[in-house]
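Listed here are the chains, written in short residue letters.
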Amino acid sequence: MFAEAMARLPSHPAPTLLEEFEQRQDRLTSQFRHDDVFVLASPPHAVHSNDVEYPYRTSSDLIYLTGWTEAESVFVLRHEDGRWVSSLFVQPKDTLKEIWEGRRPGVEGALSSYAVNEAYGNNELEDQLSKWLTNARRVFHRGGVNHHIDGLIETSVQRRDRARQHFGTGPVAVEDPSGLLAELRLRKSASEIEQMVYASKVASVAHELAMRHSREGVTEYQLQSVIEGFFSYAGTSGWSYPSIVGCGENATILHYKTNQDVCGLDEVILIDAGAEFRGYASDITRSWPISGKFTDAQREIYEVVLEAQLAAIEACQVGNLYTAPHDAARTVLAEGLIRLGVISQSVEDALDMGTGELKRWYMHNTSHWIGLDVHDAGVYKPGGQPRTLEPGMCLTVEPGLYFGAWRPDVDCPERYANIGIRIEDDVLITSDGPIVLTDDCPKSIEDIERIVGKDLR
Ligand code: GLY
Ligand code: MN
Ligand code: MN
């Protein structure tokens, strides 16, 4: 059923080269002192129920620095004999375990196919770490991810207390490296962009398939299954965040995830769903009438949101503040709602975050960074000042208007009752202007009306 849709996709991009992982590690260690040690642990498995675990997803930082995705692993960087040495502690090969749980790359696989100088079985971690921390002054380690590793580091640091007193050696500080890694991850390389383009194209086609599958009586979960089924069919690891599939008043709930209702003919459906490919996220929202034809009221709101989204994308220029897309979107939304008679304030008053009426109908931000995390790493306001956009940064642009007639806190205009529209694309900042990675996903009213309810031919 998905074979024709697959023809629209390019083949999988090449994986990131080992040299690039080495360069990322070099960029990190160039900020360290030689007596620093960096420790990055994989998070533990999450339990679904009893002895069933959720599919494993390692930390984005570990993917960024090594590409390694196996559980129960720890990556360490230390300086020794005049150079930085990278080590990966992994689950050792174990035939009995592999019969039950699947093949393991093991120490040999880690050494041969990943950008590390050394690999060890994870049973050796405690001894090695204790040794390496002997002369370290500072340990870079993010606490709270893996309590077992937190304990090991704490014990190692405590054990050094005596040595510190006698010889003045041993770690005196444990620092969180997340900020350093976030700064590196904020600007995407060509290879990272290739992975994100594939995740974006898969999600774009998936949304189009859901549009085509929309008809009166279809359920939210059936549309979800079309989208997520295609994510798998296209060779991604699945969703990059739980899919939001809401029709009617559910479209006015920003992070609705119940996805259990039947779609009515006169309703708008809002789907916010993205795929993950080699760890990289896409994040798309589209909203369309189940009937395949916008009513006048639905069209009025859709046009305002689309105009706001296009203005916000246009504001994604090198040198603009990261708040520029949000400001552009809010202005167009306020102007639109004044034109439609929903807001009776001036544009300036409507935009006021205290007394302005816009925030009744548009209550979230327009953008977030996107990359290995859907809400990706990177400080928005370093030192309290909004960051300036640079080539290689990726962000979403996702304005919306939500008229929840169920809300007791506002008087919803009857004409727009339970219309929820959000339009979200993923944008790459370049010196030649913004590139919309999710541009294959239908967005214009004409395209949506041509596609909704029509089988793929
Ligand atoms: N899908 C969550 C978001 O759009 O931020
Ligand atoms: Mn988003
Ligand atoms: Mn989204």
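Preceding this paragraph is the structure being described.
Residues numbered from 1 in each chain as written. Chains lettered and ligands numbered in written order. Predicted model: local features only at pLDDT ≥ 70, side-chain atom pairs only at ≥ 80, totals over all residues. Heavy atoms only, no water.

Student: Sorry if this is basic, but what is going on with the coordination of the manganese ion (ligand 3) here?
Tutor: Ideal geometry at a metal gives 109.5 degrees between four tetrahedral donors and either 90 or 180 degrees between six octahedral ones. Coordination of the manganese ion (ligand 3) by the protein is provided by Asp272 (OD), Asp272 (OD), Asp283 (OD) and Glu424 (OE), with metal-donor distances spanning 2.1 to 2.5 Å. If you look at the manganese ion (ligand 3), its six donor atoms make angles of 56 to 169° with each other, and the shape they trace is irregular. In terms of primary sequence, the donors binding the manganese ion (ligand 3) are separated according to D-x10-D-x140-E. A separation of 3.2 Å is found between the manganese ion (ligand 3) and the manganese ion (ligand 2), both of which receive a donor from Asp283. Of this pair, Asp272 sits in strand E11 (residues 268–273) while Glu424 is found in the loop between strand E17 (419–422) and strand E18 (425–428), placing the two residues 152 residues apart along the sequence. In this structure, Asp272 and Glu424 share a single accessibility class: buried. (Donors = N, O, S within 2.8 Å, 3.2 Å for Na, K, Ca; no water. Tetrahedral: all angles 85-135°; square planar, octahedral: opposite > 155°, others 65-115°. Helix = DSSP H or I, 4+ residues; strand = E, 2+ residues; numbered from the N terminus. Buried < 20%, exposed > 50% of the residue type's maximum accessible area, 1.4 Å probe, protein only.)

Student: Would you mind going over the site of ligand 1 with me for this structure?
Tutor: Every residue near ligand 1 is listed here: Tyr241, His255, Asp272, Asp283, His368, His375, Glu398 and Glu424. Within the contact set of ligand 1, an oxygen atom lies 2.7 Å away from a side-chain nitrogen or oxygen of His375. Each residue belonging to the shell around ligand 1 can be placed in one class, and the counts come to one nonpolar, three polar and four charged. (Near = heavy atom within 4 Å. Polar contact = N/O pair within 3.5 Å; in protein donor to acceptor, adjacent residues only side chain to side chain. Nonpolar A, V, L, I, M, F, W, Y, C, P; charged D, E, K, R; others polar.)

Student: I keep staring at unusual backbone geometry and nothing clicks. Help me out?
Tutor: For residues other than glycine, phi is negative in most cases, and the peptide bonds are mostly trans. Phi angles above zero are rare outside glycine, and Glu72 is one such case at about 55°. As for its placement among the helices and strands, Glu72 is situated in the loop between helix H3 (60–66) and strand E4 (74–80). Assessed through its relative accessible area of 45%, Glu72 is described here as partly exposed. A positive phi is found at Asp81, a non-glycine position, where the angle reads about 50°. The topology assignment puts Asp81 in the loop between E4 and strand E5 (83–90).

Student: I tried to follow the packing of helix H2 (residues 18–29) against helix H8 (residues 178–185) on my own but got confused; where do I start?
Tutor: Any two packed helices are characterised by how steeply their axes cross, that is the angle between the axes, and by the distance between the axes. Remark: H2 packs on H8, axes separated minimally by 10 Å, with the N-to-C direction vectors making an angle of 135°. With respect to their mutual orientation, H2 and H8 come out oblique. Crossing handedness for the pair H2 and H8: right-handed. For the pair H2 and H8, contact is made by Arg24, Arg27 and Leu28 and by Leu180, Leu181 and Leu184, respectively. Here the residues of the contact of H2 with H8 sort into four nonpolar, no polar and two charged. (Axes fitted to C-alpha atoms, helices over the stretch in contact; angles between N-to-C directions. Parallel < 35°, antiparallel > 145°, perpendicular 65-115°, else oblique. Left-handed = near helix turned anticlockwise from the far one by under 90°. Contact = heavy atoms within 4.5 Å.)

Student: What's the story with the side chain of Gln309 in this structure? I'm lost.
Tutor: Inspection of the secondary structure assignment puts Gln309 in helix H11 (residues 296–314). Here the side chain of Gln309 touches Val397 through a polar contact of 3.3 Å, landing on its backbone oxygen. With residues near it in sequence (within four places) discarded, Gln309 still touches Val397, Pro399, Ile423, Glu424, Asp425 and Lys443.

Student: What am I meant to see in the state of the cysteines here?
Tutor: Here a disulfide denotes a covalent bond joining the sulfur atom of one cysteine to the sulfur atom of another. For the structure shown, the criterion picks out zero disulfides. Left without a disulfide partner, Cys247 is nearest to the cysteine sulfur of Cys263, which lies 3.5 Å away. Overall, the relative accessible area of 3% leaves Cys247 in the buried class. (Disulfide = S-S within 2.5 Å.)

Student: Sorry, what's going on with the sheet that holds strand E13 (residues 280–281) here?
Tutor: Two pairing modes exist for strands in a sheet, parallel and antiparallel, and in both the strands are linked by backbone hydrogen bonds. Pairing is antiparallel in the open sheet, where three strands are placed in the order E9-E12-E13. Two strands in the sheet have a free side with no partner beyond their single neighbour: strand E9 (238–239) and E13. Summarising the sheet, E9 and strand E12 (residues 275–277) pair through two bridges and their orientation is antiparallel. For Gly238, the partnering residue across the bridge sits in E12 and is Glu276. (Pairing = 2+ DSSP bridges.)

Student: I tried to follow the coordination of the manganese ion (ligand 2) on my own but got confused; where do I start?
Tutor: Looking at the manganese ion (ligand 2), the protein donor atoms are Asp283 (OD), His368 (NE2), Glu398 (OE) and Glu424 (OE), and they sit 2.0 to 2.2 Å from it. Taken together, the six donor atoms coordinating the manganese ion (ligand 2) and their angles of 50 to 156° define a geometry best described as irregular. Between consecutive donors of the manganese ion (ligand 2), the numbers of intervening residues give the motif D-x84-H-x29-E-x25-E.

Student: I would appreciate a short explanation of a nonpolar patch on the surface in the present structure.
Tutor: On the surface, Leu96, Ile99 and Trp100 cluster together into a nonpolar patch covering about 450 Å² of accessible area. Secondary-structure assignment places Ile99 in helix H4 (residues 95–101). Here Ile99 falls in the exposed class, since its relative accessible area comes to 62%. (Patch = residues over 30% accessible without salt bridge, like charges linked within 9 Å, V, L, I, M, F, W, Y side chains within 5 Å. Areas by Shrake-Rupley, 256 points an atom, 1.4 Å probe, with all protein chains shown as cover. Salt bridge = Lys/Arg side-chain N within 4 Å of Asp/Glu carboxyl O.)

Student: Help me understand the pairing of E18 in this model?
Tutor: Looking along a regular strand, one sees side chains alternate from face to face of the sheet. Burial of E18 is two-sided: the residues Asp425 and Val427 facing one way and the residues Asp426 and Leu428 facing the other way are all buried. In terms of strand pairing, strand E15 (residues 394–397) meets E18 through four bridges, oriented antiparallel. Residue Val397 lies in a different strand from E18, and its bridge partner there is Asp425. The sheet contact formed by E18 and strand E19 (residues 435–436) spans two bridges and is antiparallel. Among the inter-strand pairings, Leu428 is bridged to a residue of E19, identified as Ile435. Turn length for the E18-E19 hairpin, with the two strands adjacent in sequence and antiparallel, is six residues, and the turn residue Gly433 shows positive phi of about 105°.

Student: Looking at this model, I keep getting lost on the sheet that holds strand E10 (residues 244–247). Mind explaining?
Tutor: Read across the sheet, three strands follow the order E10-E11-E14 without closing on themselves; strand pairing throughout is antiparallel. A single partner strand is all that each edge strand has here, and the edge strands are E10 and strand E14 (284–289). Averaged over all pairs of adjacent strands, the angle between strand axes in this sheet comes to 10°, irrespective of strand direction. Across four bridges, the pairing between E10 and E11 is antiparallel. Note on E11: the bridge partner recorded for Cys247 is Ile269. Against the sheet, helix H9 (residues 190–213) touches E11 and E14, its axis set at about 15° to E14.

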